[in-house]
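# Structural overview for review
Given next are the chains, with one letter for each unit.
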Amino acid sequence: MAASLSTSKTVHLHTLLHPDCLQLIFQKLDLLSLLTAGSVCREWHRVVIQLMQNVKAIDLGQVSKQSRWRLQEYQILSMLSMFCNLESITLKGWSDHHVDIAKIVLQKYKSEKLNRIDLRGRDGEFDINDIRAFAKNCPNLQHINISSCSTITDVMIEQLMSLWKQSLCSVDVSNCKKVTSKSIRMMVLRGISTIIASSCPKICGPMVVPSSNNCKIELLKLNSTNLTALHIAGDVLIQSLYLTDCKYLENLIIDAKTLVTLNMTGCKRLADAIITGEELTEVNFFGCYRISTEVIENVCVNCKKLRILNCNGAYSGTSFHVNMPSLETCDFVGCNSLDAFSMEAPNLKSVSFSNKAPLSQVHIKMPYGAQVKGMRPNFVCTYH
């Protein structure tokens, strides 16, 4: 009697999963787990590579926290090379027990698609040769964040702008203790459109923002600096200006025709200010306790497109009478001396008053549906 022979083929469960199912599963994994999954078999590797092609940004600080082993240079470069469409790299929070990731990326990473790098909090010295190598390998950088880097100086910032003079448009140097007002002027003249320099103690004294024909300044943040005076002339093309908590600022002159947003929250010493702007739509005086009533009234009269006005704790006058056709939101909470108030605002959505203010004479012309916070029986509201 002949024995029948049968052959059996081992089928692994992971090979039966459809690629679409694999993608849904792999999207839930952290980066290191995803890389590990890519080494299981050819099919998984192909799916992982497809996923990595869609990645635009990577946070290497998070990667270092997830790894239980010390990552080596070749592992980091090999990992980065798999992201062929990478546009942004964040190095903030890189664990100290790994190699110097910033030095490796600056020296050896190559990509023409990379346009943003975040080097926040790096305490080590920046070698200019590393920066030059990075500029050569990644020539299209547009955004660089070097905030809280203790060794950054005006000279280093000037070198950065020279190396990426065709592409660089955004620089963040917040909390860099050695950066001065000179860097701000250089960046404006070089056409940097987004300048963030909050909490830089050496940005101090009076400063004049120079005009630049290169480009429009979209955002200038000088929060918590030690400026005492700031002058922005009419030929300066600037869109948003933030001066929050500039506790030594006393004098402000702004005649910027393109300015849209002005935030002066917490400028407790600011008393003298000239503010005009044809495009100005949002002004925040919150906490400007010394600002004169004339300054606020002039803003209301001269800025015809004003939509948001915050005078919380700032307006010390007893009367306020304006016609503001574009105004939508107005805040007078904390204005405890206000007694007579009249406003015609056909687009008003909300106005707020202090419960401690006398407000004996209030007349508001506003549309139906507008909210009056702190409403009292004696208020006269005319709807249209």
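Residues numbered from 1 in each chain as written. Predicted model: local features only at pLDDT ≥ 70, side-chain atom pairs only at ≥ 80, totals over all residues. Heavy atoms only, no water.

For helix 5 (residues 73–81), the complete set of buried residues consists of Ile76, Met79 and Leu80. Projection of helix 5 onto a plane perpendicular to its axis shows the buried side chains occupying an angular sector of 95 degrees, all on one side. Of the exposed residues in helix 5, the ones pointing more than 90 degrees away from its buried face are Tyr74 and Ser81. At its buried positions, helix 5 is contacted by helix 2 (31–37), strand 1 (57–59), helix 4 (60–66), strand 2 (88–90) and helix 6 (101–108). (Buried < 20%, exposed > 50% of the residue type's maximum accessible area, 1.4 Å probe, protein only. Helix = DSSP H or I, 4+ residues; strand = E, 2+ residues; numbered from the N terminus. Arc of directions from axis to C-beta. Contact = heavy atoms within 4.5 Å.)

What follows covers unusual backbone geometry. In this model, Ser199 sits at a positive phi of 60 degrees, which is unusual for a non-glycine residue. For Ser199, the position within the fold is in the loop between strand 6 (194–196) and strand 7 (204–209). Although it is not a glycine, Ser224 adopts a positive phi angle of roughly 60 degrees. With respect to the element layout, Ser224 can be found in the loop between strand 8 (219–221) and strand 9 (226–232).

This part takes up the sheet that holds strand 13 (residues 272–276). The strand order 7-9-11-13 describes an open sheet built from four strands, whose pairing is parallel. The open sheet has two edge strands, strand 7 and strand 13, and neither has a second partner. Here the strands of the sheet are splayed against their neighbours by 20 degrees on average, with no regard to which way each runs. As paired strands, strand 9 and strand 11 (residues 251–255) are joined by four bridges and run parallel to one another. Directly across from Ile232, in strand 11, lies its bridge partner Ile254. Across the face of the sheet, helix 9 (residues 181–189) comes into contact with strand 7 and strand 9 while running at roughly 10 degrees to strand 7. (Pairing = 2+ DSSP bridges. Axes fitted to C-alpha atoms, helices over the stretch in contact; angles between N-to-C directions.)

What follows covers the environment of Ser181. Within the fold, Ser181 resides in helix 9. Looking at Ser181, the relative accessible area reads 7%, which means it is buried. The spatial distance from the C-alpha of Ser181 to the C-alpha of Thr194 is 15 Å, given a sequence separation of 13 residues. Contact partners of Ser181, with chain neighbours within four places excluded, come to Lys202, Ile203, Cys204, Met207 and Leu227.

In this section: the sheet that holds strand 22 (residues 380–383). Spatial strand order, 16-18-20-22: four strands in an open sheet with parallel pairing. Edge strands, defined here as strands with exactly one partner in the open sheet, are strand 16 (319–323) and strand 22. Strand-to-strand twist across the sheet, computed as the mean angle between neighbouring axes with direction ignored, equals 10 degrees. In terms of strand pairing, strand 16 meets strand 18 (residues 340–344) through five bridges, oriented parallel. Residue Phe320 lies in a different strand from strand 18, and its bridge partner there is Phe341.

Structurally, Thr194 is set in strand 6. Here Thr194 falls in the buried class, since its relative accessible area comes to 14%. Leave out the neighbours within four places in its chain, and Thr194 touches Cys169, Ser170, Val171, Glu218 and Leu219.

Once that is clear, we can look at the packing of aromatic side chains. The full count for this structure, using the stated rule, is 10 aromatic pairs. Among the aromatic residues, those joined into a ring-pair cluster are Tyr315, Phe320, Phe332, Phe341, Phe353 and Phe379. (Phe/Tyr/Trp six-rings, centres within 6.5 Å; stacked < 30°, edge-to-face > 60°.)

So, about the packing of helix 7 (residues 128–137) against helix 8 (residues 154–163). At a closest axis distance of 10 Å, the pairing of helix 7 and helix 8 adopts a crossing angle of 20 degrees. Considering the angle they form, helix 7 stands roughly parallel to helix 8. As helix 7 packs across helix 8, the resulting crossing turns out to be right-handed. Contacts between helix 7 and helix 8 involve Ile128, Ile131, Arg132 and Ala135 from the first element and Met156, Gln159, Leu160 and Leu163 from the second. Looking at the contact of helix 7 with helix 8, its residues break down into six nonpolar, one polar and one charged. (Parallel < 35°, antiparallel > 145°, perpendicular 65-115°, else oblique. Left-handed = near helix turned anticlockwise from the far one by under 90°. Nonpolar A, V, L, I, M, F, W, Y, C, P; charged D, E, K, R; others polar.)

A one-sided burial pattern is seen for strand 11, the buried positions being Leu252 and Ile254 and the unburied ones Asn251, Ile253 and Asp255. The sheet contact formed by strand 11 and strand 13 spans five bridges and is parallel. Residue pairing across strands places Asn251 opposite Asp272, the latter belonging to strand 13.

Any two packed helices are characterised by how steeply their axes cross, that is the angle between the axes, and by the distance between the axes. Across the interface, helix 8 lies against helix 9 with an axial gap of 9 Å and an inter-helix angle of 10 degrees. Between helix 8 and helix 9, the interaxial angle falls into the category roughly parallel. Where helix 8 crosses over helix 9, the handedness of that crossing is right-handed. Contacts between helix 8 and helix 9 involve Asp154, Ile157, Glu158 and Met161 from the former and Lys182, Ser183, Met186 and Met187 from the latter. Grouping the constituent residues of the contact of helix 8 with helix 9 by class yields four nonpolar, one polar and three charged.

Any two side chains of opposite charge can pair, so long as their charged atoms come close to each other. Under the counting rule described, the total for this entry stands at five salt bridges. Arg307 is the salt-bridge partner of Glu328, the closest N and O atoms lying 3.4 Å from each other. Taken together, the residues span a long stretch of sequence, with Glu328 in the loop between strand 16 and strand 17 (329–332) and Arg307 in the loop between helix 10 (293–302) and strand 15 (308–310) at a distance of 21 residues. When the shortest N-O distance is used, the salt bridge between Lys349 and Glu328 registers 3.8 Å. Of the two residues, Lys349 is situated in the loop between strand 18 and strand 19 (350–353) and Glu328 in the loop between strand 16 and strand 17; the sequence distance between them amounts to 21 residues. One salt-bridge network, held together by shared partners, links Arg307, Glu328 and Lys349. (Salt bridge = Lys/Arg side-chain N within 4 Å of Asp/Glu carboxyl O.)

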